[in-house]
Each structure stands twice: as C-alpha cells, then as structure tokens.
Amino acid sequence: MSNTLIDNEKLLQVKGEGSIIFTAPHTLYFKRFKSIHLPENNVKKIVKKLRNKLGEKNSRSITWNLLPDEKDLSQDDPNYLSIKKLDNNIWYNTLKEISKERKNQFVIDLHGMDNSHKYDIIIGLKSFRKVYGEYQYRKIVSILLEVFEPFKEKYNLRIGYNIIFQGYINKNYYTVSHMCNSLGFKAIQIELSSIF
C-alpha cells in the first residue's frame, strides 16, 4: 500500500483489494452551492455488504472514515467536485493510487435518492460513454440490461438508464464515476431509492 493511501486512512476507509470497487461518497453532510446534501448512510452499509459478499480478495470498498456531523461541512463533495480542486482531493488521489495497481478495475459508485424521481434504480453511464466511446458504451449497456432486467421483472422495479442522474455533470465538475473513468477505471453510478 502506498504512502498516499496510508495518509488518507484518517479520512477515507479503503477495505479489500479486489478489482470490483464499490464507493459510497455521500455519507457526510456537504455544502453544494446554497444547499446542504444530506448523508446517505444506508448506502455505506450496502457497500460494505457487497464487499463482504464478494470477498476481500475480489472486491474493495471506499467510504468516508468520518461520522456525519451537520455542523462540519469542511469536506468537498466528491461527487460534485470542481476540476480546479481535483488534484488536491482525497477521493481523486486515492482513486489515482488504486488505478496504478492493475488494469481492468470496475467501479460501482453507489448513491441514495428520494422516491420523488419515480424510479427504484437509476444507472448513470454518461461519463463512461464520454471516455470510452459508443462501442464500449453499447457493450456495457447490453451487459447491464442482461443483469438488471430479470430483477426488474421479478421484483417489479422501475429502472432508468442515463436519466436524471447520469454520472456526469460537465467538463468543469466531476462526479466519482467521471473521476474513475478519466483515471482508466471503467465506472458507473447507481442511484438507489429509499425502498432499498
């Protein structure tokens, strides 16, 4: 493990060593322009369960190692990060270090969303499409449809692809999946409604 990852342990919790990486960047309070983004703590539990299910050798999780405190808005929102702050951001630097370990790492960036969006799951792939192009995009969409459509039918889920939450904001603001795709990972953003 590099010194950068060891230094970051106070702020971030990185567990496991596998190629499938689950992230939960919204477990703290964040200031986003004039509003406050609330913590998504159930997502942190889901990330840990996924890592435990796949095993430490096969997967990894990255979450904040801090407890949410509504009076502490000192951390930048890693899922709405100005490009000017990328090089000094703990999430970006941790992901950059992990990206050097091996090829073919896949990141699933998990988030919570409220039920007002009329979807149970939204999968954001816009940054993937921008970085890897149309052919790779169509390939991953076909894989995702193969995986998620049986669950959609079985559990009567409303699943959206590249709507509302797309895993990409613009060239001046990065999401975690945009960071990952730009660093050579293949990454998608998944939003889960509160039914999970």
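Residues numbered from 1 in each chain as written. Predicted model: local features only at pLDDT ≥ 70, side-chain atom pairs only at ≥ 80, totals over all residues. Heavy atoms only, no water.

### Structural notes on helix α2 (residues 41–54)
No. 1: Taking 1.5 Å of rise per residue, 14 residues should cover 20 Å, and α2 covers 21 Å from first to last C-alpha, within 8% of that figure.
No. 2: Inspection of α2 places Val43, Lys44, Val47 and Arg51 among the buried residues, and these make up the whole buried set. Down the axis of α2, the smallest arc covering the buried residues is 105 degrees, so these residues share one side. Turned more than 90 degrees away from the buried face of α2 sit Lys45, Lys49, Asn52 and Lys53, all of them exposed. (Helix = DSSP H or I, 4+ residues; strand = E, 2+ residues; numbered from the N terminus. Expected span 1.5 Å × (residues − 1). Buried < 20%, exposed > 50% of the residue type's maximum accessible area, 1.4 Å probe, protein only. Arc of directions from axis to C-beta.)

### So, unusual backbone geometry
A negative phi angle is the norm for most residues apart from glycine, just as the trans form is the norm for most peptide bonds.
No. 1: Here the phi dihedral of Phe33 falls at roughly 55 degrees; this positive angle occurs in a residue that is not glycine.
No. 2: Here Phe33 falls in the exposed class, since its relative accessible area comes to 51%.

### Some details on the packing of aromatic side chains
To describe a pair of aromatic rings, one takes the distance between the centres and the angle between the planes.
No. 1: Applying the stated criterion across every chain, the model contains 7 aromatic pairs.
No. 2: Relative to Tyr80, the ring of Phe33 lies with its centre 5.6 Å away and its plane at 85 degrees, an arrangement referred to as edge-to-face. On the criterion of sequence distance, the pair formed by Phe33 in the loop between β3 (30–32) and β4 (35–37) and Tyr80 in the loop between β5 (59–64) and β6 (81–82) is long-range, its members being 47 residues apart.
No. 3: When its relative accessible area of 27% is taken as the criterion, Tyr80 is described as partly exposed.
No. 4: Ring geometry for Phe33 versus Tyr173: centroids 6.0 Å apart, planes at 65 degrees, classification edge-to-face. (Phe/Tyr/Trp six-rings, centres within 6.5 Å; stacked < 30°, edge-to-face > 60°.)

### Digging into the side chain of Asn79
No. 1: Considering the arrangement of structural elements, one finds Asn79 in the loop between β5 and β6.
No. 2: In this structure Asn79 comes out as buried when scored by relative accessible area, which is 6%.
No. 3: A distance of 2.8 Å separates a polar atom in the side chain of Asn79 from the backbone nitrogen of Val176.
No. 4: A polar contact of 3.5 Å, which involves the side chain of Asn79, links it to the side chain of Gln189.
No. 5: Beyond its immediate stretch of four places on either side in the chain, Asn79 contacts His26, Asp109, His111, Ile169, Tyr174, Thr175, Val176 and Gln189. (Polar contact = N/O pair within 3.5 Å; in protein donor to acceptor, adjacent residues only side chain to side chain. Contact = heavy atoms within 4.5 Å.)

### With respect to the confidence of the model for the protein chain
No. 1: With 94% of its residues at a pLDDT of at least 70, the protein chain reaches an overall mean of 92.
No. 2: The secondary structure element of the protein chain with the lowest average pLDDT is helix α1 (residues 3–8), at 51, and the one with the highest is strand β2 (residues 20–24), at 98. (pLDDT = per-residue confidence, 0-100.)

### Things to note about the pattern of salt bridges
No. 1: Scanning the model with the defined rule gives 10 salt bridges in all.
No. 2: A salt bridge links Lys85 to Asp76; the nearest nitrogen and oxygen atoms lie 3.1 Å apart.
No. 3: Since its relative accessible area comes to 32%, Asp76 is described here as partly exposed.
No. 4: The partner of Arg129 in a salt bridge is Glu134, with the nearest N and O atoms 2.9 Å apart.
No. 5: Each of Arg129, Glu134 and Arg138 takes part in salt bridges that share partners, so that together they form one network. (Salt bridge = Lys/Arg side-chain N within 4 Å of Asp/Glu carboxyl O.)

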